[in-house]
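So you can see what is in the structure, the chains are spelled out below.
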Amino acid sequence: MKGLKTIRKQRNLNQLKVAMDLNISREALSHYENGKREPSLDMLKKLSKYFNVSIDFLINGEEFKKR
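Residues numbered from 1 in each chain as written. Predicted model: local features only at pLDDT ≥ 70, side-chain atom pairs only at ≥ 80, totals over all residues. Heavy atoms only, no water.

Participant: Explain the nonpolar core to me, using residue names and the numbers behind them.
Facilitator: Of all hydrophobic cores here, the largest spans 14 residues; its most connected members are L4, I24, L29, L47, F51 and L58. At the level of secondary structure, the elements contributing two or more residues to this core comprise helix 1 (2-10), helix 2 (15-22), helix 3 (26-34), helix 4 (41-51) and helix 5 (55-60). Once residues within four sequence positions are removed from consideration, L4 is found in contact with L29, Y32, E33, L47, F51 and L58. (Core = buried A, V, L, I, M, F, W, Y, C linked by side-chain atoms within 4.5 Å. Buried < 20%, exposed > 50% of the residue type's maximum accessible area, 1.4 Å probe, protein only. Helix = DSSP H or I, 4+ residues; strand = E, 2+ residues; numbered from the N terminus. Contact = heavy atoms within 4.5 Å.)

And the structure:
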């Protein structure tokens, strides 16, 4: 989840604020950011909508590029 931590920091949001907005624990968000736990598809959709970025960006840290 390379992009998750990046986008959160770019938006000057702390883990607690994001976690509260998404109704998850701060620890869960931390685990997603550090690769200790993988979010469900539903959570990926919520994160994508919350940050207004693609799921691809959340996972890879960059937008999808056609080859």
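Participant: Account for the packing of aromatic side chains, naming residues and giving values.
Facilitator: For the coordinates displayed, the defined rule picks out one aromatic pair. With a centroid separation of 4.9 Å and 85° between ring planes, the pair formed by Y50 and F51 is classed as edge-to-face. The exposure class of F51 is buried, given its relative accessible area of 1%. (Phe/Tyr/Trp six-rings, centres within 6.5 Å; stacked < 30°, edge-to-face > 60°.)

Participant: So what about the pattern of salt bridges? Which residues, and what values?
Facilitator: This structure, assessed with the given rule, holds four salt bridges. For K17, the salt bridge goes to D21, with nearest N and O atoms at 2.8 Å. One end of the pair, K17, and the other, D21, are both in helix 2, four residues apart, so they sit about a helical turn from each other. Classification of D21 by relative accessible area gives partly exposed; the value is 39%. The shortest N-O distance in the salt bridge between R26 and E27 comes to 3.9 Å. (Salt bridge = Lys/Arg side-chain N within 4 Å of Asp/Glu carboxyl O.)

Participant: Lay out helix 4 in plain terms, naming residues and giving numbers.
Facilitator: Where helix 4 is concerned, the buried positions are M43, L44, L47, S48 and F51. Projection of helix 4 onto a plane perpendicular to its axis shows the buried side chains occupying an angular sector of 140°, all on one side. Helix 4 presents L41, K45 and K49 as exposed residues on the side facing more than 90 degrees away from its buried surface. Once helix 4 ends, the next one or two residues include N52, with phi positive near 60°. (Arc of directions from axis to C-beta.)

Participant: Before we move on, could you go through helix 3 and cite the residues and values that matter?
Facilitator: Taken together, the buried positions of helix 3 are occupied by A28, L29, S30, Y32 and E33. Looking at the buried positions of helix 3, the neighbouring elements they touch are helix 1, helix 2 and helix 4.

Participant: Give me the lowdown on the confidence of the model for the chain, citing residues and values where you can.
Facilitator: Looking at the chain, the pLDDT average stands at 92 and 94% of residues meet or exceed 70. Mean pLDDT across the secondary structure elements of the chain bottoms out at helix 5, with 90, and peaks at helix 2, with 98. (pLDDT = per-residue confidence, 0-100.)

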